[in-house]
Each structure stands twice: as structure tokens, then as C-alpha cells.
Amino acid sequence: MERPNLPFPKVMLFDWHGTLVNTHEAMYLAVEDMLAQLDELDLIRHLRPEAEAKTEEDEKLLRYIRIFRHLHPRVLAEQRISRTDIFDALFGENEKANAIAHHAYNECYRNHYGKVYPFQDGVYDYLRYLKKLGIKIGVMTNRSREYLAHELVHVDNGRWKDLFDISLCGNEARRYKPAPDPLLEATEALGEVADGSVWYVGDSLTDMITASKASISAVFYNGALWDQAWFDYTFSVVDHNEHQPDVIVHSFDQLIDQVEAAAGPDDIAPATKQMRPPQLPPLQPPPPRQEPDWHPALAQLTYPKVVLFDWHATLVDTLDAMYHAVDDMLKELREMGLLDHLVAPEHCKSPDDMKLVEYVRNNLALHPKIKLDRKISRTDIFEILFADNQAAKQLAHKGFTKHYRKYYGTALPFEPKVKQVLEGLRGLGITVGVITNRDREFFVHELNTIDGTGWAELFDTEVCGDDTVKRKPHADQVFKAADNLNIEIGADVWYVGDSTTDVIAAKTAGITSVFFNGALWDLPWLNKIFPGNERYPHKPDVVVNDFSEFWAMMLSCRRQHMKSAGQTTKVL
């Protein structure tokens, strides 16, 4: 990938965040705040279709943000990709959408910026050494001037503010990166020509595309410690291949090595070379994200004859309407006589549940974080608020139904290939059904309109919340589905759902529980919501994070089943 023997640099321009400095905490907080405004900014319709995503990781990021209006948990945990790369994945070449997103980000960043640190120990000394070599240095960033000016004054106790020959911000150039304008404008302002003797050092794919479009040398600073497989994958995509970095460096020591390797006999005086800063210890990678240990590869499951699915947040996305209706219902708790039936603090399952109950009690509304996270179902909310009070929960569901009537209508597949998975199950001869706490009035409408033509032909039975006396987490709906299908209850019946309520219903009924972790909860959180203690004994048999993982698990389970039966399987 690397093309050695770069020309000795006359100019070295640097990206700011993730290259020279670390402002991860503020940056990710501001991105999260901006994503929560996607609807208000009218940017949802400008999200790139998942089928047009350039990489598998971009596709997952797009899907997760479309559904949850949040960054994928892995992105937050690793803190490796830039704000500009995130926006490029979301909006592609849509300059109008990118401009709106950057402007909104800048407004959000105002609430968080201030903490800024050198990305690597000794950066100041390395920059001073470059200047001693006669190299003009500058900063070219998508940051706004307001924030860069503040950070230049404060980073490293203010030692950097007079280091740079030029700095150019995103809101000062004609267009933001990955357009080449900022690099071309900065080079021209320094009185130089944009060629290989101008180096741009950055930490992201966007930076490499920007340098390539400007026809200058592209140096990838691998402060995130990506492995070679990441580079091979990222720059193998057709649209990215032509923008490969000229060289990859993993530290500022290696950057100086590249400069000295490019020098001719007269470029660096021996006395100046003696001033090179001492080599420092290498950067260390961040701690790995903890993944759930209920992994499909480890689970010992009975091959199913029936697979039942939850509807909302498993097969389809109807989050917006659901949260609006729950909030409207909570405003009426006092009039409905439900305020006094909220569970007592000592009976709450966890401290987080206690906080939610107290917030609802005091504000008659969901906590803003619940609505922002978009990860907890209506049924789970009612379980937290009313626990085992069946009459109160029935009344709450009734109130929800009244308000949901104002909002329902749009149901989207939770993932692009959900329909193909359902068709695949039927192709294997497996009976497929739905169990949902939705009232039939709403479910039938969503079932018949999703994907334009509906999915009614994909299910052998559907059991809704108002089809039985008790809704999930009680097992009545599971038993009703079994009666409809005339089957025996057992481990060869699977129920796939995204909530604790779904797991409790499955385990209480005596069937296999598949927890669909579309919200991508990590292991500590899963252990918190499924403690497996005497009071809360129910845990899923397996956890899957998406439908591709579910399908792979299904095929593996089928192979094991056929092998034990002495049969051969067809390749699917």
C-alpha cells in the first residue's frame, strides 16, 4: 500500500482532532447530541440508503443510527473514527446534508468543548523539530474557528498557539473535507504549489481522500492503531482504492523517520539532526469492548419446528410512534388513577429502574435519556412502572392504545433483509409466527403495509396483545400461538424478541428464548437485566445481534440436527 520515497516536505499540514490532539470526549458527546436532532434537522431522508453503503461497517452504522439516532456502541467504545468520517458514511457526497450536519455539530460542540490534550506525548517537541528543518507547518481541520482558537490557547498550557504558519478551519474554506478546497487554499496562502512536497497528515479515510483530491502527499497517522486488515479492507473498496495513503505512520517518531528518509544530502544539517526529540514509548490500544457471552457459537439449541417473533424492535421499527404514545399516556397517570400504583422503590429490579419510576412519578413523562436511547420497549417500561400489578398494566396498555392511534402508520423493516430471513425459514419447512403486545387494530395495518405490499403471507399465526387476557411477560400469548398451530410446547419452539418481557414469556412457557440484541447492549448491561438470581431467574438461551447472525445460527443448528439424524443437508 505504501509508496516510499516521498519528496522532502516544504509544507506539512496536519488534521487536528485524532492527529495532533485528543478531544474524543467532547467530539463524541457533540455527535450524539446532533444525531438526536436528525428528525428536527430533516436529515433522516438524506441518510444514504444502506444498500449504497461503501463498507459493511458503514452499513451497520447507517442502520443503527436510522433506528436509534445514536452512534453504534462499538464506535463509542473504540473512539477511533472521526466526526467527518461518520458524516461521510451517513450522507456521502450530499454537500447540503453534510453542511447542515456540520453546522448542527458545531452548535452542539459548544456545550462540550474545552478539554483538549496532545494526542501523543511529545507532540510539541516534534512540531518544533519540523520547523527547525525549515518545514512550514499548519493545521487544516473541519473544526470551526471558534473551537480551534480556544483549543490552541489551552492545549499543552498554551505552548502551541504560535507554532503554526497557518491554520484553516472548515467554516472558513469554500467546502468541508473531503473536498480538497481547504488544503488547496492553505497551500496557496503559504505561497506554495500543491504537489508531493506538501504533506497532509491525518487519521481518517476522509483525510486521505482530501489529500488525494488535492494531489499532495497523503500520510495516514494511525493513532487509533488499526491493524493491517483494516487498511486492506478500508482501501480495497472501489471508491477508496485510488485514495490510498502514500505512507502509514504509527507514531510521530515514525513520521520524523519518513521526513529524514525523504531528505536529500543538503536538506538537513547534521547539527539540526542532533536536535531530534528522543524516541517515546508506543501508543497503547483501548481496552476491548465486552461482548455478550451468550454467543450463538456456544449455545446448544434444539432445532426448531416453529419460530415465533416479536414485532416491534425485532422485525420492524416503529420507535417514533411508540415513544410519543407512551409519553402522552404518562401525562394522564393521575387522571387514570395509576399514579398511586407505581411500584415502590424497594421493589424495583435495579437502581436504574428506581430512577425511571421516580422520574415518572415526579414528571409524568419518560426520562429524556430513555427517549434519546430508544432501546427499551413499551412493555418493559410498564413492567418497570407497575411490576406485578396486572390491572394497572392493563389500564396502561389501554391508555397507550388510545394515544398510539394518533401516531401509528409507518413500520419499517428493522434490517434490510428481514423479509428474506422469514422467507428462508419457511423454505426450510419451519412454521413462522408473530407474538406482539400490539393491539390487533394497529398490528394488522402495519402487517399489511410494511415494505409496500405487506408481510401477511409470511406468517402462519399472529397473536396480538388484545387476543388474550394477559399480555407478555405472561405466557398466555405463547400458549395461544401453540393452540392456533396445534403444536406441543417445547424446546423446538423458539421465541425471538428484543426485551426482557419476551425472554420471561418464553422461559415461563417452557420454550427456547432467543434474545435479539438489536440495541447492542454490552455484557455488563445484559448481566444487569438478566441477573439470573432467585427473584429474576429468567435468562435467554442465546443472544444474537442481528439477523445475519441469527440466520447463521439457524443453519448451524440445522446441520447439527440433520447430522444427528443421519441425513445430509443442501447448501443454502
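Right, let's talk about the sheet that holds strand 13 (residues 461–463) for a bit. Ordered in space as 13-12-9-14-15-16, the 6 strands form an open sheet in which the pairing is parallel. The sheet is open, and its two edges are formed by strand 13 and strand 16 (542–544), each paired on a single side. Geometrically, the sheet is characterised by an average inter-axis angle of 25° between neighbouring strands, direction not taken into account. Note: strand 9 (residues 306–309) against strand 14 (residues 493–497), 4 bridges, orientation parallel. Across the sheet, the residue bridging to Val307 is Trp494, located in strand 14. Contacting strand 9, strand 12 (431–435) and strand 13, helix 21 (residues 476–485) crosses the sheet at an angle of about 155° to strand 13.

Quick look at the pattern of salt bridges now. Summed over all chains, the structure comprises 36 salt bridges. Residues Lys472 and Asp310 are paired through a salt bridge, measuring 3.0 Å at the closest nitrogen-oxygen approach. With Lys472 in the loop between strand 13 and helix 21 and Asp310 in the loop between strand 9 and strand 10 (316–317), this residue pair connects regions lying 162 residues apart in the sequence. Like Lys472, the residue Asp310 is buried in the burial classification. Here Lys507 makes a salt bridge to Asp541, at a shortest N to O gap of 3.1 Å. Of the two residues, Lys507 sits in helix 22 (residues 500–509) while Asp541 sits in the loop between helix 23 (523–529) and strand 16, which places them 34 residues apart along the sequence. By relative accessible area, Lys507 is classed as partly exposed at 29%. What emerges from the salt-bridge pattern is a single network uniting Glu50, Glu59, Arg63, Arg66 and Asp317.

It is worth spelling out empty space enclosed by the protein at this point. Over the atoms, a rolling probe the size of a water molecule traces out where space has been left empty. One pass over the full model with this rule turns up 4 cavities of 30 Å³ or more. Roughly 140 Å³ of internal volume is contained in the largest cavity. Taken together, 14 residues make up the lining of the largest cavity; nearest its centre are Asp310, His312, Ser377, Thr379 and Asn437. Mapped by element, the contributors of at least two residues to the lining of the largest cavity are helix 17 (378–386) and helix 22.

So, about the packing of helix 4 (residues 83–91) against helix 5 (residues 95–109). Direction vectors running N to C along helix 4 and helix 5 enclose 140°, while the axes themselves pass 10 Å from each other. At the point where helix 4 passes helix 5, the crossing takes the right-handed sense. When helix 4 is examined against helix 5, the residues Arg83, Thr84, Phe87, Asp88 and Phe91 are found in contact with a partner set consisting of Ala97, Asn98, Ala101, His102, Tyr105 and Asn106. Looking at the contact of helix 4 with helix 5, its residues break down into 5 nonpolar, 4 polar and 2 charged.

Here is what the cut-offs are and how they apply
Residues numbered from 1 in each chain as written. Predicted model: local features only at pLDDT ≥ 70, side-chain atom pairs only at ≥ 80, totals over all residues. Heavy atoms only, no water. Pairing = 2+ DSSP bridges. Helix = DSSP H or I, 4+ residues; strand = E, 2+ residues; numbered from the N terminus. Axes fitted to C-alpha atoms, helices over the stretch in contact; angles between N-to-C directions. Contact = heavy atoms within 4.5 Å. Salt bridge = Lys/Arg side-chain N within 4 Å of Asp/Glu carboxyl O. Buried < 20%, exposed > 50% of the residue type's maximum accessible area, 1.4 Å probe, protein only. 1 Å grid on protein atoms, 1.4 Å probe; cavity = no way out; pocket = protein on both sides within 12 Å on 5 of 7 lines; lining within 4 Å. Points joined across faces, edges and corners; volume = space filled by probe spheres on them. Left-handed = near helix turned anticlockwise from the far one by under 90°. Nonpolar A, V, L, I, M, F, W, Y, C, P; charged D, E, K, R; others polar.

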